[in-house]
Structure formats: C-alpha cells, structure tokens
Protein chains: 2
Amino acid sequence: MSPTPQQRRAARHRLGTGQGDAPPARRGPSGGRKKPITVDAIITAAFGIVEAEGYEALTMRRVATALETGPSSLYAHVVNKEDLDELLIGRLCAGIELPEPDPERWREQIVGVCAQLRDQYLRYPGISRAAFAAASSNLDTLRVGEGMLAILLAGGIEPQAAAWAIDSLALYVNAYTLELSVADTRLGRTGGDDWVVSREELLRRFAALPDSFPQSKRYAAELTAGTLHDRFDFTLGLMIDGLPRPR
Amino acid sequence: MSPTPQQRRAARHRLGTGQGDAPPARRGPSGGRKKPITVDAIITAAFGIVEAEGYEALTMRRVATALETGPSSLYAHVVNKEDLDELLIGRLCAGIELPEPDPERWREQIVGVCAQLRDQYLRYPGISRAAFAAASSNLDTLRVGEGMLAILLAGGIEPQAAAWAIDSLALYVNAYTLELSVADTRLGRTGGDDWVVSREELLRRFAALPDSFPQSKRYAAELTAGTLHDRFDFTLGLMIDGLPRPR
DNA sequence: TCCTGAGTAGAACGGTGTTCGTGACTACAG
DNA sequence: CTGTAGTCACGAACACCGTTCTACTCAGGA
C-alpha cells in the first residue's frame, strides 16, 4: 500500500527519517493516456502560478487546471491547501545554499543566507504568507535554521543569543518580503521603475500632512529614503552587530 | 448628498484634512425601527468577533448577522473587506497612547509603545494579518509612527536611522504577533498553560532529529527557551541598542 | 479469465466576497 | 395633505473558493 498523503505529511512532521520514503514504484507511467500526477508536478505547477500571478492566484483549482485535471485529483497527493503551502516553502528552503561556517566571515555569511531567503521570497510574491504558517515545522526549514545557527556559533555568539537571533532574523525576512509583496500588488502590477514616481507621490503626501505631524513632515525625506534593500541591510546590521560575544 | 463609502475611504487616504468631514447630519435616528447601521457599529461588531473567535472568523456575513442584517447592507458603509480591515487597524492604532517624548527615558518609552502595539495585536488574534496590508496608509497608523519618531529623535538618534528604525520596529511587532497568533490557532484553541507541554514536546522532537542537525540538537534548550515575551524583548533590545547616536 | 485496488475525475456541498434590483422609509416642495 | 426625490436596507443571485463523495478506468496478480 503506497502511503496516503496524510501519512506522508505525518512523516514529514515526525522529523525522524532524514529523507527516506523511497519513491513507491510509481505503478506505471503507463505509456499513453496523460502525464500522471505527482507531488512534484503539483509543486512545480504551483510555483509557476505564484511566480507569474502571485500567491493570491494560487488556488487548488488553478493548479488543477494547470495540470489539466479537476481539483479533486490533487487530494490524492496533497492533504490540504495548507499542506501545499508547506511543501512550497519546503522546496524553497531546500534551495538555499548554506556555506561552511567560517569564523572569520560569519557576518557576511549570515547576511548572505538572509539575502538568499529574501530573494527567493520576492521571486514568488506573497509566498511569505505561507511561510508564516509553516515556519519551524518542516524539515527543510529546520535545515536552514541549523545552518544559520552553525554560522553564528562559529562566529562566537552566545548560544542563547544565537538561538533567539536566528528566529528574529527569519521572522524579519519573512515580514520584510511580505510587506514588499503586498505593497507591490496594491498599486497595480506595473513592474519596473514606477516606485520612483511612487516616492515623489509619497513625499507630496507627507507634505500635505496636517500640522499635528511635525516630525513626519520634517523628516519626510528620511522616511521615504532608501534604494532597493537599504532598509533591509540596515535592520539586519542592527540585529547582527548587537549580538553579544563573550570573547 | 452624503458621501459614499468610496469617497470616505478616498478622503481617509488623501491625508489632508485632519479629521474634518463633520458627521453628516445623520439624517434621523428615526425613533423606532431598528438601530441604524453605522460605520462605527460595524467596526465594533467586527472587533467583537475577532476578539472572541479570531481574525479567521471575521467575515462580512458574520458581521452582518451580528448586526442582524444581510451582508449587502454593509456595503453602503464600507467599500470592501479590505476597507474594513483598514478601519480596524485604524481604530486599533487610535487607541495607542503616545507619551510626551522625554530625552532621559526614550528607551523605555519606545519599548512601551511597541509593547502596547503587541498587546493590542494579541488581544485580537490574527489581526496583524490585516495590519500588514494596511500599514503606512492610514492616518491613525501614521500618528503612532509620528509618535515613535518623536521619541527616537528626542533620544538623540540620527534622523535617517530613526526613520528606518520605526519602520523595522513596527514590522517586527506585526510579524511577532502574527506568528504567535497562527501558532496559537494551529494547535487547537486550548487557552492557558498548554504551551508548557508544547515545549516538552518540542524538546522531544529536537532530540529525535537526525544527526545532520548537530547544533539544533545540542542547543535545543536554547532554541526552545524563553518565557512569554523574552524573545520579543531580546529582539527589540537588539534593534534599539544598536541605533547610532552622533552625540 | 476475473478481481482488486490505486489513481483519476465529475458533480456537488457549504462557504466566501460582492453586486443588482427592489422595497420601505424619511424629508421636503407643492 | 399629497406627491416626489433620495437614502438606506435587504433578499437573491453570481462567481469563486476548499473540500468531499462517488463513480470509473485500468494495470497487475490469481
């Protein structure tokens, strides 16, 4: 009996086996008919949809039609939409490259991992919403946690501080990318350089603020400043440079 | 002609008038019939639902039945569900108390505001999801931004750093409360002290991890440590203590 | 040859946000 | 007092969502 999706998901959460579960014989590609549906095909199709149209457009029905089938067919391979979300961020985390910890370069290494996460999240806009729900349960997400922990420990950070820091860092990356994504989808999906005009518009709005907002009006330039990921780098620097190192 | 909800929302986003828009005569309470539906009544009912059953349960239909009417009746006062979300976090932010900036106590003041935000978000579990979408557009949210900015400036923080910092702080508070909320709803809503048993369960899971997770297994205690809001305080401290002060 | 059982779908259920058209009601002009 | 205009409330309906029930196909074992 090949495992039901429920069993597969339970196994994924058991956190015991490190990847067992040999692909169960896959009955027959059966020569003709159509392509058989696999979990991998579902995930790939889902990623395609999210990359093209954003996470909002990711519905069971859209995935099904992308696979030229009905919605119910997916439920033989996936427990839930929540389960699909988990699989998505699992595969996303699986693609993160974790460097060998180098005590001399721990700072740039940890920033590099965070930037990888950020770029992956932004590549699939809105998917951070799924990441919030699936965080810290999947094995693949734990792998990047392990990698980040190893980097900080190699850098001589106190274990307790390191443990809490990787949590905060991951949380911030999620939140940052989520905010960016919803801001993007908010004002139409005109990609490209329209964030510049958006900045001028922002400045105009700040200038039009009532007088009960003196600081915001005065420092409107600072509030709207920052190209691309300046804010991101700033906050990461704040969190990293403050970490206590007993040595 | 009394303003349509669309106009009202547009005015809310215009950021010009500082609260104008005198309550437009409110035709007649009309003595009898039933209670007339107002935007305020809608918001209050919505808060009640979220507080009792979480943000997931907040549907137009639920609000409507709470007001003893049909769903379509709400759309005379509210543009959207998105609009309702915005109104909710608007009122929530309006309830935040902003202290008079004191250069001697800027640190505890900024932490206090963040803690207020955190507690409000946690009081209405899941509402941070709405906050992510509505951030930085509403006038009430800008008010707390202004207050935080004033505190940091009074503390002698560089304007650019202060501007970016309030953004990061607000973002982190949102993310932290959102994660806590989804974690709560994840394992049934048994309130109270079941997070203790959850911690032992977590330790057991970490112990059962494969050997490719040496650091996570070794520092499982640190990873699962922290009572209540220790993690929150830790991260806030990281972000605040690292702020550059030219003086 | 039949039988079994996993994988595939079609149809349907209950739920969501939102819109349309109708009706009741109030306030005001004649 | 009557007619009219305009606002508001509401039932019904639409399109879509996640999910389940059920029948059906069809390769492999007996």
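Since the model is a prediction, treat every value here as computed from it, not as a measurement.

Details of the overall build of chain A
Next, step 1: Looking only at helices and strands, one finds 12 helices and zero strands in chain A.
Next, step 2: N-terminal to C-terminal, the α/β element order of chain A is α-α-α-α-α-α-α-α-α-α-α-α.
Next, step 3: Taking all 247 residues of chain A together, 44% fall into the buried category.
Next, step 4: The long-range share in chain A, meaning contacts at least 24 apart out of those at least 6 apart in sequence, stands at 71%.

Observations regarding the environment of E100 of chain B
All names here are of chain B.
Next, step 1: The residue E100 is located in the loop between α4 (81-94) and α5 (106-123) in this model.
Next, step 2: In this structure E100 comes out as exposed when scored by relative accessible area, which is 68%.
Next, step 3: For the pair E100 and I151, spaced 51 residues apart in the sequence, the C-alpha separation amounts to 7.9 Å.

What to know about unusual backbone geometry
All names here are of chain B.
Next, step 1: One non-glycine residue, E68, lies in positive phi territory at about 60°.
Next, step 2: A relative accessible area of 59% means that E68 is categorised as exposed.
Next, step 3: Unusually for a residue other than glycine, L228 sits at a positive phi of about 50°.

Section: the UniProt feature "DNA-binding region" (unreviewed entry) in chain A
Next, step 1: When the UniProt feature table is mapped onto this chain numbering, "DNA-binding region" (unreviewed entry) sits at residues 59-78 of chain A.
Next, step 2: Across residues 59-78 of chain A, helical content stands at 35% and strand content at 0%; the span's end C-alpha atoms are separated by 13 Å.

Describing the interface of chain A and chain B
Next, step 1: The partner chain B presents 58 residues to the 58 residues of chain A that form the contact.
Next, step 2: Buried area between chain A and chain B, both sides added, is near 5100 Å², and the carbon and sulfur share of it is 69%.
Next, step 3: At the junction of chain A with chain B, the criterion picks out two salt bridges.
Next, step 4: A salt bridge links R231 of chain A to D167 of chain B; the nearest nitrogen and oxygen atoms lie 3.0 Å apart.
Next, step 5: Taken together, chain A and chain B are joined by 12 residue pairs in polar contact (both at pLDDT 80 or more).

Describing the pattern of salt bridges
Next, step 1: Enumeration according to the criterion identifies 28 salt bridges over all chains in this entry.
Next, step 2: Salt-bridge contacts for D211 of chain A lead to K217 of chain A; the nearest nitrogen and oxygen are separated by 3.5 Å.
Next, step 3: Under the relative-accessibility criterion, D211 of chain A is labelled exposed at 67%.
Next, step 4: Where R91 of chain B meets D40 of chain B, a salt bridge forms, and the shortest distance between an N and an O atom there is 2.9 Å. On the criterion of sequence distance, the pair formed by R91 of chain B in helix α4 and D40 of chain B in helix α2 (residues 39-53) is long-range, its members being 51 residues apart.

Some details on the packing of helix α12 (residues 230-241) of chain A against helix α12 (residues 230-241) of chain B
Next, step 1: Where α12 of chain A contacts α12 of chain B, the axes come no closer than 7 Å and their chain directions differ by 110°. By the criterion of interaxial angle, the relationship of α12 of chain A to α12 of chain B is roughly perpendicular. Each of T235, L238 and M239 of chain A in α12 of chain A lies in contact with α12 of chain B, whose residues at this interface are T235, L238 and M239 of chain B.
Next, step 2: Of the residues in the contact of α12 of chain A with α12 of chain B, the class split is four nonpolar, two polar and no charged.

Thoughts on the nonpolar core
Next, step 1: Counting residues in hydrophobic clusters, the biggest one holds 128 residues, and the most contacted among them are L152 of chain A together with L152 of chain B.
Next, step 2: Apart from the residues within four sequence positions on either side, L152 of chain B is in contact with W106, I110, I157, A162, A165, I166 and L243 of chain B.
Next, step 3: Counting residues in each nonpolar core, the second largest holds six residues, with L139 and L142 of chain A together with L209 and F213 of chain B among its members.

Observations regarding the relation of the copies chain A and chain B
Next, step 1: Once turned by 180° and shifted 0.0 Å along the axis, chain A lies on chain B with an RMSD of 0.1 Å. Both copies are brought into coincidence by an operation consistent with a two-fold rotation axis.

Notes on the packing of aromatic side chains
Centre distance and the angle of the planes are the two values used to describe a pair of aromatic rings.
Residues and elements named next belong to chain A.
Next, step 1: In total, this model carries 11 aromatic pairs over all chains according to the counting rule given.
Next, step 2: Residues Y176 and F232 carry aromatic rings whose centres are separated by 4.9 Å and whose planes lie at 45° to one another, so their mutual orientation is tilted. You can see Y176 sitting in helix α8 (residues 159-186) and its partner F232 sitting in helix α12, a full 56 residues away along the chain.
Next, step 3: Look at Y176 and you get buried, because its relative accessible area is 1%.
Next, step 4: The buried category is assigned to F232, whose relative accessible area is 0%.
Next, step 5: A network of ring pairs unites the aromatic residues Y172, Y176 and F232 as a single cluster.
Next, step 6: Its guanidinium or amino end placed over the ring of F232, R118 lies 4.7 Å from that ring's centre, counting from NZ or CZ.

Concerning the environment of I166 of chain B
Next, step 1: Counting through the fold element by element, I166 of chain B comes out in helix α8 (residues 159-186).
Next, step 2: You can call I166 of chain B buried: its relative accessible area is 9%.
Next, step 3: In this structure I166 of chain B touches L223 of chain A together with G145, M148, L149 and L152 of chain B, once residues within four positions along its chain are discounted.

Regarding the packing of helix α7 (residues 139-154) of chain A against α8 of chain A
Residue and element names in this part refer to chain A.
Next, step 1: The contact between α7 and α8 brings their axes to 9 Å, and the two run at 135°. Taken together, the axes of α7 and α8 lie oblique to each other. Here α7 runs over α8; the crossing is right-handed. Across the interface between the two elements, G145, M148, L149, L152 and L153 from α7 touch P159, A162, A163, A165, I166 and L169 from α8.
Next, step 2: The residue makeup of the contact of α7 with α8, split by class, is 10 nonpolar, one polar and no charged.

Structural notes on helix α4 (residues 81-94) of chain A
Residue and element names in this part refer to chain A.
Next, step 1: The end-to-end C-alpha separation of α4 is 20 Å, in line with the 20 Å expected for 14 residues at 1.5 Å each.
Next, step 2: Most of α4 sits inside the fold, with 10 of its 14 residues counted as buried.
Next, step 3: Regarding α4, the residues found buried are D83, L84, D85, E86, L87, L88, I89, G90, L92 and C93.

The rules we used
Note that residues are indexed from 1 along each chain, following the sequence as it is written. Labels are handed out in written order, letters beginning with A for the chains and numbers beginning with 1 for the ligands. Reporting in this predicted model follows two pLDDT cut-offs: at least 70 for local features of residues, and 80 or more for side-chain atom pairs to be given and counted; totals over whole chains, interfaces and linings ignore these cut-offs and use all residues. The side-chain figures draw on all heavy atoms in the structure; neither hydrogens nor water molecules are used. Put simply, DSSP H or I for four residues or longer makes a helix, DSSP E for two residues or longer makes a strand, and each gets a number counted from the N terminus. Accessible area is worked out with a 1.4 Å probe on protein chains only. A residue is then buried under 20% of its type maximum, exposed over 50%, and partly exposed in between. Throughout, a residue-residue contact means that at least one pair of heavy atoms, one from each residue, lies within 4.5 Å. UniProt positions are given in the numbering used here, feature names are shortened, and annotations may be inferred rather than shown by experiment. Note on terms: buried area is the combined drop in 1.4 Å-probe accessible area of two parts once they are placed together, counting the loss on both. Salt bridges are identified by distance alone: a Lys or Arg side-chain nitrogen within 4 Å of an Asp or Glu carboxyl oxygen. Any pair of N or O atoms that falls within 3.5 Å is considered a polar contact. Within protein, one atom must be able to donate a hydrogen and the other to accept it, and sequence-neighbouring residues count only if both atoms are side-chain atoms. Angles run from 0 to 180 degrees between N-to-C directions of axes, and those axes are lines fitted to C-alpha atoms, restricted for helices to the stretch in contact. Between 65 and 115 degrees an angle is taken as roughly perpendicular, under 35 as roughly parallel, over 145 as roughly antiparallel, and anywhere else as oblique. Gly falls in the polar group here, along with every residue not listed as nonpolar (Ala, Val, Leu, Ile, Met, Phe, Trp, Tyr, Cys, Pro) or charged (Asp, Glu, Lys, Arg). By nonpolar core is meant a set of buried Ala, Val, Leu, Ile, Met, Phe, Trp, Tyr and Cys residues that side-chain atoms within 4.5 Å join together. Fitting of the copies onto one another was done by least squares over C-alpha atoms, counting residues only where both copies have pLDDT of at least 70. Two rings from Phe, Tyr or Trp (for Trp, the six-membered ring) form a pair when their centres sit within 6.5 Å of each other. Planes less than 30 degrees apart are called stacked, planes more than 60 degrees apart edge-to-face, and all others tilted. Sitting over a ring, as applied to charges here, requires NZ of Lys or CZ of Arg to be within 6 Å of the ring centre and within 35 degrees of the ring normal. Crossings are sorted by hand: turned counterclockwise from the far helix by less than a right angle, the near helix makes the crossing left-handed, and turned clockwise it makes it right-handed. One less than the number of residues in a helix, times 1.5 Å, gives the span that helix is expected to have.

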